[in-house]
Amino acid sequence: MKSRWRDAEAKSLTSRYAQQGIAADLALRVYTSRLLGQDPKLVLHGGGNTSVKMRMPDLLGEETEVLCVKGSGWDMAEIEPAGLPAVRLKPLLQMKTRTHLSDEDIVRLQRANLLDPSAPNPSVETLLHAFLPGKFIDHTHATAVLSLTDQPEGEKLCREVYGGRLGLVPYIMPGFDLAKKAARVFESDPAVEGLVLLKHGIFTFGDSAQQAYERMIAAVTAAEERLARGRRTFSAAILPKRLAPAAEIAPILRGACGLKDDKVEGAWRRLICEFRSGPEVLHYVNGKELSRYSQLGVVTPDHTIRTKNLPMLLPAPDAANMAQFRKDVHEAAKTFIDRYKAYFTSHNARIEPKKRPLDPLPRVALVPGVGLFGLGRSKKDARIAADIAENAIAVITDAESIGRFESLPEKDLFAMEYWSLEQAKLGKETEKPLQGQVALITGAAGAIGAAVARAFKAAGAELSLLDKDTAAVEKLAQSLGGLAVTCDVTDGESVSTAFARTAEIFGGVDIAVSNAGAAWQGDIAELEDDVLRQSFELNFFAHQRVAQAAVRMMRAQGMGGCLLFNVSKQAVNPGPEFGPYGMPKAATLLLMRQYALECGKDGIRANGVNADRVRGGLLTKEMIAARAKARGLNEADYMRGNLLGREVTAEDVAAAFLYHATALKTTGDITTVDGGNVAAALR
Ligand SMILES: [Zn+2]
């Protein structure tokens with residue numbers, strides 16, 4: 001591992017912060033914290049922390065000895081001075097004389113001694129930083145160091161690699177006891193440059209930010225060099241000749257890992273997937289002994305809150321026998337869930353106070369021949385789980401190349417998973433109504449499509465945005481977050497590719513909003529067949545094609561689902577010369593009912609929205625001007641030509657779709673959003 005310290009960068013950051021009145025020590029603390037945080041081989045997703053001991057004025061202007069230590073919730077990769085709250089050092093050091101201090105008391109004492117009362121909570125490892133005398137202290141969960149220590153021979157290997165340069169601290173859960181033990185190990189040999197916390201990570205200290213950082217890089221490099229001498233690779237298992245692709249596996253996996261809601265009939269707790277593959281992942285998941293080395297536990301304890309202790313192991317998906325694979329996946333998920341519940345019950349029985357169980361669903365699934373899936377309640381959480389799983393693969397592969405991977409006893413991992421301070425890292429936001437659901441929207445770049453996308457995003461859904469207009473849909477995906485897919489809904493292959501891509505990225509589809517459409521006009525008595533056929537292609541057959549692809553995926557998942565159709569008031573209240581548009585829309589209304597009729601048994605609902613006169617929808621500026629003129633009205637009056645005298649917006653239409661996406665007891669229904677028009681009312 002190479003040092004990324006650059007004098008010029010350090011200097012320019014220091015002078016930039018100096019203008020904001022930030023001391024050089026703190027600026028350099030920010031600089032090397034970022035260097036550490038930006039390397040996934042050192043620090044992943046909130047793991048690791050850093051500190052500096054310095055003097056700064058308190059709120060009354062009095063110079064005070066403080067520890068600036070990483071605050072909870074800050075990511076080291078992009079930390080700012082505000083992410084290193086200052087805690088008075090003296091009271092922290094006074095705690096060293098205590099024999100016992102609870103986690104809650106530590107948090108309280110730390111908060112009480114913050115210079116700025118509005119600062120974030122200091123890291124859960126603050127006392128450890130305080131009790132060690134180094135001015136700058138860096139702590140990471142470096143991959144290479146974990147590969148060395150996560151072994152039955154870990155201690156011996158560390159001695160061999162580090163000699164007396166680093167002190168060795170046996171595994172103790174973070175908190176008061178670990179801080180005291182680490183201080184004792186240091187005091188027994190104050191010449192050490194750092195400490196290895198066995199099966200946890202590494203600390204280095206220095207008089208300067210650069211020294212602590214360079215010592216970290218040197219220690220990790222030494223571990224890497226030792227690992228490079230390892231030769232052993234995993235011998236490969238025999239796999240089926242033809243393997244199913246991730247897009248076909250994901251909906252099955254997602255369905256098996258969905259939990260029926262006990263309280264709300266028809267509701268599910270769904271997870272989102274993140275697929276990963278590549279040579280390292282495949283070497284690992286294809287190994288003959290995968291069921292041994294993958295089932296030993298996490299590589300460093302704070303990973304448990306993201307991935308649970310163990311990944312779920314699936315069989316290789318034989319493309320020739322997917323029915324069997326499906327059965328096996330459901331079996332594996334059931335076993336995983338049962339085991340997790342048993343694990344919780346047995347460990348919870350022996351501790352006080354009692355904990356509340358987390359959901360028992362897996363967060364990582366390993367698929368021989370294919371790769372791995374991270375699972376989470378959002379795409380972001382799924383990505384974090386997948387990152388950590390890939391990191392674990394690197395640690396375990398290297399550990400096994402020179403010895404045997406070993407994790408911690410289950411009771412230590414339970415203590416970490418259910419540690420109140422770790423749980424706090426996950427946040428306590430209440431979940432949104434469409435959390436965990438994937439919504440696919442056709443014609444997403446249009447006015448109504450984009451409004452639906454915004455409404456569904458705000459409700460917590462993950463978005464797969466389909467549109468013919470590549471640039472427009474990419475722009476929308478960029479602004480909202482989500483997948484942009486160029487798709488022509490009149491082309492069967494284009495539609496199936498879009499669904500496969502959605503499954504590959506999110507794991508499946510729960511809500512399909514079949515929205516794409518366009519208006520054709522013409523005197524019905526004089527109309528060319530071609531015009532009518534074209535309109536039927538987009539305004540009827542495309543809806544059928546999208547609904548069919550959606551239902552296939554929803555059935556593969558087995559968690560119900562929701563089909564939504566953008567119909568039109570034309571379906572029930574034809575307008576003159578709008579025949580080519582209204583007729584296929586009338587057929588689409590019946591299509592919706594047919595799906596409601598035939599898919600109710602699968603828990604799949606089908607509903608539609610009849611909207612009228614929406615700006616930017618089918619109505620272009622020119623059309624509005626022409627129609628208003630034809631009726632002798634100004635544009636505003638034309639747009640408000642309904643019973644309520646109110647203009648209908650794309651957001652009003654989106655609100656109706658959102659209602660249907662959450663109305664678990666409604667199917668076969670049309671909601672009219674037209675400001676009131678008795679002639680268009682459904683009878
Ligand atoms: Zn740590």
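One can find the structure itself at the top, above this paragraph.
Residues numbered from 1 in each chain as written. Predicted model: local features only at pLDDT ≥ 70, side-chain atom pairs only at ≥ 80, totals over all residues. Heavy atoms only, no water.

Looking at this structure, I do not really get the overall build of the protein. What am I missing?
A tally of regular secondary structure across the protein gives 25 helices and 20 strands. By its C-alpha atoms, the protein is 100 × 65 × 50 Å across when sized along the principal axes. About 29700 Å² of surface is accessible on the protein, with carbon and sulfur atoms providing 52% of the total. Each charge class in the protein was averaged separately, 85 positive and 82 negative side chains, and the resulting centres sit 3 Å apart. (Helix = DSSP H or I, 4+ residues; strand = E, 2+ residues; numbered from the N terminus. Areas by Shrake-Rupley, 256 points an atom, 1.4 Å probe, with all protein chains shown as cover. Lys, Arg positive; Asp, Glu negative; His and termini not counted. Charge placed at Lys NZ, Arg CZ, Asp CG, Glu CD.)

Please clarify how the pattern of salt bridges should be interpreted in this entry.
Side chains that differ in sign of charge can pair as their charged atoms come close. Within the structure shown, the criterion is met by 37 salt bridges. As a salt-bridge pair, R377 and E431 come within 2.4 Å of each other at their nearest N and O atoms. Of this pair, R377 sits in the loop between β13 (371-376) and α15 (379-402) while E431 sits in the loop between α17 (420-425) and β14 (438-441), and the two are 54 residues apart along the sequence. We classify R377 as buried; its relative accessible area is 10%. The salt bridge involving R533 is made with D529; its shortest N-O contact spans 4.0 Å. Highlighted residues: R533 and D529, both in helix α21 (residues 529-557), separated by four residues, approximately one helical turn. Each member of the pair R533 and D529 is classed as exposed. Three or more residues are tied together by salt bridges with common partners; here these are R269, D359, R363, R377 and E431. (Salt bridge = Lys/Arg side-chain N within 4 Å of Asp/Glu carboxyl O. Buried < 20%, exposed > 50% of the residue type's maximum accessible area, 1.4 Å probe, protein only.)

Would you mind showing me how to read α21 here?
Given 3.6 residues per turn, any residue in an α-helix points the same way as the ones three and four places further on. Spanning 29 residues, α21 covers 40 Å between terminal C-alpha atoms, matching the ideal 42 Å at 1.5 Å per step. Positive backbone phi, at 70 degrees, marks G558, one or two positions downstream of α21. (Expected span 1.5 Å × (residues − 1).)

When you look at the pairing of strand β18 (residues 561-566) in this model, what are you seeing that I'm missing?
Regular strands place their side chains on alternate faces of the sheet. With respect to burial, β18 is a largely interior element, six of its six residues being buried. Side chains of β18 alternate between two faces, with G561, L563 and F565 and C562, L564 and N566 buried alike. Relative to β18, strand β17 (residues 511-514) is paired through four bridges, and the arrangement is parallel. In the strand pairing of β18, I511 is matched with C562. For the handedness criterion, the β-α-β arrangement of β17, α21 and β18 is classed as right-handed. Pairing of β18 with strand β19 (residues 604-611), which is carried by six bridges, proceeds in the parallel orientation. (Pairing = 2+ DSSP bridges. Right-handed = clockwise from strand over helix to strand, strands pointing away.)

How should the coordination of the zinc ion be read in this particular structure?
Around the zinc ion, the donor atoms from the protein are H139 (NE2), H141 (NE2) and H200 (NE2), and they sit 2.1 to 2.2 Å away. Sequence positions of the residues that donate to the zinc ion give the spacing H-x1-H-x58-H. With H139 in strand β4 (residues 136-140) and H200 in the loop between β6 (194-197) and β7 (201-206), the pair connects residues that are 61 residues apart, well separated along the chain. Here H139 falls in the buried class, since its relative accessible area comes to 0%. Residue class for H200 comes out buried when judged on its relative accessible area of 4%. (Donors = N, O, S within 2.8 Å, 3.2 Å for Na, K, Ca; no water.)

What exactly am I supposed to notice about the sheet that holds β6 here?
Sheet strands associate in pairs through backbone hydrogen bonding, adopting either a parallel or an antiparallel arrangement. Pairing in this open sheet of seven strands is mixed, and the strands run β3-β2-β1-β4-β7-β6-β5 from one edge to the other. Looking at the sheet topology across the chains shown, the edges are occupied by β3 (86-88) and β5 (166-169). Strand after strand, the sheet turns through a mean of 25 degrees between neighbouring axes, direction not considered. Contacting β4, β5 and β7, helix α9 (residues 209-228) runs over the sheet at an angle of about 145 degrees to β7. (Axes fitted to C-alpha atoms, helices over the stretch in contact; angles between N-to-C directions. Contact = heavy atoms within 4.5 Å.)

Before we go on, may I ask you to explain the side chain of S294 in this structure?
Residue placement: S294 occurs in the loop between α12 (290-293) and α13 (304-307). Polar contacts involving the side chain of S294 include one to the side chain of Q295, which spans 3.1 Å. Dropping the residues within four chain positions of it, S294 is found in contact with Y284, L310, P311, L313 and L366. (Polar contact = N/O pair within 3.5 Å; in protein donor to acceptor, adjacent residues only side chain to side chain.)

I would appreciate a short explanation of the packing of α21 against helix α22 (residues 579-599) in the present structure.
Any two packed helices are characterised by the angle at which their axes cross and by the distance between the axes. Relative orientation of the contacting elements α21 and α22 amounts to 20 degrees, with a least axis distance of 8 Å. By the angle between their directions, the pair α21 and α22 is classed as roughly parallel. For α21 against α22, the interelement crossing comes out right-handed. Along its contact with α21, which presents V531, L532, S535, F536, N539, F540, H543, Q544, A547, Q548, V551 and R555, the element α22 presents P580, Y581, M583, P584, K585, A587, T588, L591, Y595, E598 and C599. Partitioning the contact of α21 with α22 into residue classes produces 14 nonpolar, six polar and three charged. (Parallel < 35°, antiparallel > 145°, perpendicular 65-115°, else oblique. Left-handed = near helix turned anticlockwise from the far one by under 90°. Nonpolar A, V, L, I, M, F, W, Y, C, P; charged D, E, K, R; others polar.)

What am I meant to see in the nonpolar core here?
Most often, soluble globular proteins have nonpolar side chains that are buried together. Within the largest apolar cluster, 49 residues are counted, with the highest numbers of intra-cluster contacts made by L26, M56, C68, V145, L148, Y162 and V196. Breaking this core down by element, the ones donating at least two residues are α1 (7-18), α2 (24-37), β1 (49-57), β2 (63-69), α6 (143-149), α7 (154-162), β5 and α9. Sorting elements by how many residues they give to this core places α9 first, with 10 residues. Contact partners of L148, with chain neighbours within four places excluded, come to G154, L157, C158, V161, Y162, A223, R226, L227 and I402. (Core = buried A, V, L, I, M, F, W, Y, C linked by side-chain atoms within 4.5 Å.)

What is the right way to read the packing of aromatic side chains from this model?
Each aromatic ring pair is specified by the distance between its two centres and by the angle formed by the two planes. Summed over all chains, the structure comprises 14 aromatic pairs. Ring centres of Y340 and Y343 lie 5.3 Å apart, and the angle between their planes is 50 degrees; this geometry places the pair in the tilted category. Of this pair, Y340 and Y343 both sit in helix α14 (residues 322-349), three residues apart, roughly one helical turn. The rings of Y340, Y343, F344, F414 and Y418 are connected pair by pair, giving a single aromatic cluster. Over the ring of F131 we find K96, and its NZ or CZ is 6.0 Å from the ring centre. (Phe/Tyr/Trp six-rings, centres within 6.5 Å; stacked < 30°, edge-to-face > 60°. Lys NZ or Arg CZ within 6 Å of the ring centre and 35° of its normal.)

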